[in-house]
Structures are given as structure tokens and as C-alpha cells.
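# What the coordinates show
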Amino acid sequence: MAGGKMAAAASIRKRQTVALKRMLNFNVPHVKNSTGEPVWKVLIYDRFGQDIISPLLSVKELRDMGITLHLLLHSDRDPIPDVPAVYFVMPTEENIDRMCQDLRNQLYESYYLNFISAISRSKLEDIANAALAASAVTQVAKVFDQYLNFITLEDDMFVLCNQNKELVSYRAINRPDITDTEMETVMDTIVDSLFCFFVTLGAVPIIRCSRGTAAEMVAVKLDKKLRENLRDARNSLFTGDTLGAGQFSFQRPLLVLVDRNIDLATPLHHTWTYQALVHDVLDFHLNRVNLEESSGMENSPAGARPKRKNKKSYDLTPVDKFWQKHKGSPFPEVAESVQQELEYYRAQEDEVKRLKSIMGLEGEDEGAISMLSDNTAKLTSAVSSLPELLEKKRLIDLHTNVATAVLEHIKTRKLDVYFEYEEKIMSKTTLDKSLLDIISDPDAGTPEDKMRLFLIYYISTQQAPSEADLEQYKKALTDAGCNLNPLQYIKQWKAFAKMASAPTSYGNTTTKPMGLLSRVMNTGSQFVMEGVKNLVLKQQDSDKQDSSSPGPHPTSSIKVRIISQAPEYSGEIRYSHQRGFGSEVNKKKF
């Protein structure tokens, strides 16, 4: 329950971006091609607000909106008395106290207070009292609840939070010592984010969930919150002019809430697609990947002080066409595509150089080329394409560095071996090598890799290993440096859920990686790969497949089953193991 995917006429990314731009424009709709200078202002946010804005708006876009400075609320800030300030923060006690302090210190000309989630009446009164005491009532221009308490990463994907995300994690919900109060807090946090999501989407969902799980607790609370808001038609967040009319149509979205326990193997699985590998092996958060450059110690004299590693950050956003096209592709295909893009770029670059030479402009500046552009159509075309070529070069360099970093992890940890073996375990295919041999191999992966592999085996196997075999596995895992606490938890979980007799059916897959790159050569854009064709996926031999046809992914099967069992718009709940909410909302008039 950490995130979600949603397809809608207007993507949730676009809707949240529009809401943010409206907020930055003093809560007035932002007009794209408006003439004249924007009103210059300061943006003050907390860490939560920063996480929401950073994947959606670049520094350039903020500047175009008139944002000259963007500062953290709790940083040391100097007074700028002739500039308005737009605040975008969570309504916490700590944040309210700091905002009241800003009012007392008269930091800005005027204050536009925007809260990520709804602020309580008592906290609103605290701000009013502080403004009154500081004689700054007229300076508080607007106060808005924005209902933007979620982070949109892609057109159809969002996560609930990044700050304090461990508080709503799987571990937090499944801790054996969690109290009722703590569980209520976790559920309220999740519900608030989902409620904000649907307010931004402008639609009231049909809710579907499984019974007897944390998902049901979330569904009940969310259903109650939606109904309370819809009951007051005058103040309903779903009937305003600024929102869509999705709630009045029969195309209302279906919200399916499932518990992570229905499929614990998938998040442990070593994957083979570009985006999943970047997320798994690199420092990748909120669409930004952070890489460390090599220290260059190989060229340093003996006894020299080691060079400090340089850190580089790259944004992998929807604007990046290569990322959008290949993020779901198997990594070998990505490696080959980078090589093809590099070759295309070099061919274009050579063409420009050739045209320069023909025109007798070798080594001349771009101004001279422009003077003769009307005489040579080809040269004009080549020059006009230079910005596009430079952007292509930037993306090639970006994905060269990212893919090379991923490749290093694959080679060092033998991740292709783990991927192949986990696919075979989940598809009940015979293993070429015993699991114990892989766990005992000191060159194959980290202790975490080994534990993930064994947990997938333990979860997927129809019959749990005998105590003698389990002790042998435990010894091998301990010798490899593994912490056995995850195994202990999974063992108890499996026994509690009675999954040993009816394990999740993991379907067969049809592909596997064959070998790795022989080497990476650094020339030109630093990414000429040899042996890249050895990485292409190829079909498994038919004699290694089960007699049955390959089945769908277990999570997909569960989703399909739940969605197909969603009730009609009659409010009827037809399945005892599932629960539905909100089906009868369409019958009401507001």
C-alpha cells in the first residue's frame, strides 16, 4: 500500500502539476502564454513540500512562475520585506510555530499559506493569534488547504510519501509489538494521502478490498472520509468548479486495496528491466539517481592520499525520451539501444563536420555558418539540428553512466544468475545448480542477495524443507554473513497464514539472461560495449518448460480476479472474502 497506478483522461501527474502552478500563482489559474513579467515571490516549503514539487517542476519552471528563491521553512532565512512569500508545508505543530515566528519577525511583504493536508481549526487559530499579536493580519493574504499529500513520479504512478516513509512501511504495519494507537496513526496517514489523491483527481472511487487485513481498515476509513465530505454538498471537494465532473459519470475509478502479504516474493525478486534494476542497485529516489564517480586510485602513486569520490545526480523524468521508451525494457536491450543512439549521434556529428569542410568553414564559429545558411539547405538543416543533437548527446552520456553503473553491479554480484534462478524457482523449473552451491559461493552476490534468493525459495516451495535441510541452509547463510531475522519472520508468517499447503502459484516465464558483457570500453561517449548481443534474452528450451502453458504473474492474477469481481453500481457485495464500498454514491443527488 505504498503507492499506486492509475489511468485517467488527464494523468494524475498533469493534474498535480496544474494544482501546484495554480498555488504558485497565488491560487489563481495559471495561463501558459500570458504576456508580461510574473510577480516575483519566494517559495517556502518543508521537506514534504520539497518532495512533492521536485519530481514535477524544475528550477527553470519555478523561475518562469516568478519564484526567485526556494527555501526550507526551518533554514536560517533573512528578511525580504518587499517580496510576497508562498508557503507550502504540512500543518504540523513544528511548522505552525515557525510560521508564527516568521509573522512576528515580519520577514516578508505578504504571506500566502498553503497546507499540503487540511489544517485543523485549533492550529488555524494559533496562526490567527500570532498574526494578531504581530499586527500582521492584513499581510496574511490567503490560507488554503491544497490536498496534495502524495508524490507523483510518473503519469500514472504515485507514492504516498518519502519523508518518514518507514512509518507507513510493511514492517511498521506488521510489527508484532505495534499498539492500537500506532496502527490508527499509520492508517490515518495512508487514508489522508489517498483522499488527497482523489480530490486532485476530481473523482469519487469505487473501493474494493480483501477482508480481515490492513487493506480493509484503510478502505473503511477512506470510505467514511469520502462520505463525510460528500454529505455537505456546499463545501464538498468533489463538486467545485476547479475539479472534474468524474463523480457524476459512470466512469468512476476503481480503487483496489490489497495487502502486501498476498505476494511477498515479488518485492524480493532480482529483476532484469532497466528501471527496476536502477531502483534496486543504485541510489534512486524521486526520479533522481545519485552516482559516485570512480576515485581514480589506479593512477595514483603508492602512498598517495586517496582522491575524493565525486557524486553526480541525474534526473530520470518523463521528459527523457530514452528513459520513457526503455525503462521497462530488459537491460541487454537498453545496452544495445545506448550503443545505437551513440552511433547515430556520431554519424550526425560527422555529417556536420563534413558540411563545414565542404563550405570551407572548418574551425569557423557558428556565426559564420549562419551567414551562409541561406545558400546551403543541408547546412541549414544540420545547424538547426544542433540543439537537438546536443540534447541527444546529454541523454547518451546520462544513460551511459547510469547503465555502466548498473552493469558493474550485475558483474560484481552476478545478478543475472540470481534472476535466472529465481525465475526457475518461481516457475517450478528444475535448477541447473543446487541452491546451497549459490549461497555458498563467496563470489556470487552480497549477503542480502543470498537471503533474498533463499526467501523466494522458502515462500514459493510447495513443501517446506525438512528441519535438517533448513539447518544446513541456515549454516550456509550464516557463513555468508546473512542476518537470519528475515527468515525467522517469513517462517512464522507462512505458518500463520497456512501457506505451506497452498502456496502462491508463480507462473512460468519464457525468458532468461544468457551471459554478461565481456567488457566495457571507454571511447567517445564512454559506452562502446563488446559482446552486447550475448546479453539478448532468448527463449528457454521447450524441454525445460513444464507441460502446462506459462501462467500469468501471481500479482496480476490476483488483481484481475479482484477487479473482475468488483460489484456493479448497485452497492451489492457479492463475495464474502472481499468487501466493496461506494457503489451507491451515483444514486445520490448533490
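Remember, predicted model here, so these are calculated numbers, not experimental data. (Residues numbered from 1 in each chain as written. Predicted model: local features only at pLDDT ≥ 70, side-chain atom pairs only at ≥ 80, totals over all residues. Heavy atoms only, no water.)

## Some words on the nonpolar core
Short version of the rule: Here, nonpolar core means buried Ala, Val, Leu, Ile, Met, Phe, Trp, Tyr and Cys residues that are tied together by side-chain atoms lying within 4.5 Å of each other. Burial classes: relative accessible area under 20% of the type maximum marks a residue as buried, over 50% as exposed, and values in between as partly exposed (1.4 Å probe, protein chains only). Runs of H or I in DSSP of at least four residues are treated as helices and runs of E of at least two as strands, each being numbered from the N terminus. Each domain span listed reflects an automatic or database assignment of domains.
Met187, Ile190, Leu194, Leu222, Phe238 and Leu257 are the most contacted members of the largest nonpolar core, which has 35 residues in total. Contributions of two or more residues to this core are made by α7 (180-201), β9 (206-210), α8 (214-231) and β10 (254-257). In terms of residues, this core owes the most to one element, α7, which gives twelve residues. If you count residues domain by domain, this core takes at least three from each of domain 1 (12-152) and domain 2 (160-262).

## Description of unusual backbone geometry
Even without glycine at this site, Asn27 takes up a positive phi of about 60°. Position of Asn27 relative to the elements: it lies in the loop between α1 (12-24) and β2 (41-45). Take Asn27: its relative accessible area is 8%, and that puts it in the buried class. Not every positive phi belongs to a glycine, and Tyr147 is a case in point at roughly 55°. Along the chain, Tyr147 falls in the loop between β6 (140-145) and β7 (151-154).

## Observations concerning the sheet that holds strand β11 (residues 283-285)
Where we set the bar: Two strands qualify as a pair provided that DSSP identifies no fewer than 2 bridges between them. Inter-axis angles, ranging from 0 to 180 degrees, are taken between N-to-C directions of lines fitted to C-alpha atoms, where helices are fitted over the stretch in contact.
Across the sheet, three strands lie side by side as β11-β12-β13; this open sheet has antiparallel pairing. The open sheet has two edge strands, β11 and β13 (311-315), and neither has a second partner. Mean inter-strand twist for the sheet, computed between neighbouring axes without regard to direction, equals 20°. Bridge count between β11 and strand β12 (residues 288-292): three bridges; the pairing is antiparallel. Residue pairing for β12: Phe284 is matched across the bridge by Val289.

## A look at the packing of aromatic side chains
Where we set the bar: Note on aromatic pairs: the rings of Phe, Tyr and Trp (six-membered ring only in Trp) are paired at centre separations within 6.5 Å, and the planes decide the class, stacked below 30 degrees, edge-to-face beyond 60, tilted for the rest.
Under the definition given, this model contains 19 aromatic pairs. Plain terms: the ring middles of Tyr274 and Phe331 are 6.4 Å apart, the flat faces sit at 50° to each other, and that makes the pair tilted. Taken as a pair, Tyr274 in helix α10 (residues 274-281) and Phe331 in helix α12 (residues 331-358) lie far apart in primary sequence, 57 residues in all. Using a relative accessible area of 0% as the deciding quantity, one classes Phe331 as buried.

## Here's the deal with a negative patch on the surface
Worth spelling out the cut-off: Only residues above 30% relative accessible area that lack a salt bridge enter a patch, with like-charged residues linked at up to 9 Å and the nonpolar side chains Val, Leu, Ile, Met, Phe, Trp and Tyr linked at up to 5 Å. The method behind every accessible area is Shrake-Rupley, applied with a 1.4 Å probe, and residues are considered shielded solely by the protein chains displayed. By convention in these notes, a salt bridge is any Lys or Arg side-chain nitrogen within 4 Å of a carboxyl oxygen on Asp or Glu. We count Lys and Arg on the positive side and Asp and Glu on the negative side, and we leave His and both chain ends out. Working definition for charges: the position is that of NZ of Lys, CZ of Arg, CG of Asp or CD of Glu.
There is a patch of like negative charges on the surface, built from Glu93, Glu94, Asp97 and Asp126. The leading source of residues in the negative patch is helix α4 (residues 93-105), at three residues.

## Digging into the sheet that holds strand β3 (residues 67-72)
Test applied: In this description, contact between two residues means that some pair of their heavy atoms is separated by no more than 4.5 Å.
The sheet built from five strands is open, its strands ordered β3-β2-β4-β5-β6 with parallel pairing. Of all strands in the sheet, those bounded by a partner on one side alone are β3 and β6. Between one strand and the next, the sheet's axes are offset by a mean angle of 15°, whatever the strand orientation. Bridge count for β2 against β3 is five bridges, and the pairing is parallel. Each bridged residue has a counterpart across the sheet, and for Tyr45 the counterpart in β3 is Leu72. Along the sheet, α1 makes contact with β2, β3, β4 (85-89) and β5 (111-115), crossing β4 at roughly 140°.

## Looking at the pattern of salt bridges
Counted by the stated rule, this structure contains 25 salt bridges. As a salt-bridge pair, Arg288 and Asp315 come within 2.7 Å of each other at their nearest N and O atoms. Note that Arg288 is positioned in strand β12 and Asp315 in strand β13, a separation of 27 residues in sequence. For Asp315, a relative accessible area of 37% translates into the label partly exposed. Linking Lys411 and Glu408 is a salt bridge whose minimum nitrogen-to-oxygen distance equals 3.9 Å.

## Here we look at α10
Residues spaced three or four apart along an α-helix face the same direction, because each turn holds 3.6 residues. Note the cut-off: Throughout, the arc means that of the directions going from the helix axis to the C-beta atoms.
Inspection of α10 places Tyr274, Leu277, Val278 and Val281 among the buried residues, and these make up the whole buried set. Here the buried residues of α10 occupy an arc of 100° about the axis, which is enough to place them on one side.

## Topic: the packing of helix α15 (residues 386-413) against helix α16 (residues 415-426)
Filter applied, for reference: Small angles under 35 degrees read as roughly parallel and large ones over 145 as roughly antiparallel, with 65 to 115 read as roughly perpendicular and the rest as oblique. Classification used: nonpolar for Ala, Val, Leu, Ile, Met, Phe, Trp, Tyr, Cys and Pro, charged for Asp, Glu, Lys and Arg, polar for all others including Gly.
Interaxial distance between α15 and α16 falls to 6 Å at its minimum, and their mutual angle equals 70°. The angle between α15 and α16 falls in the class roughly perpendicular. For the pair α15 and α16, contact is made by His409, Ile410 and Arg413 and by Leu415, Asp416 and Tyr418, respectively. Here the residues of the contact of α15 with α16 are counted per class, giving three nonpolar, one polar and two charged.

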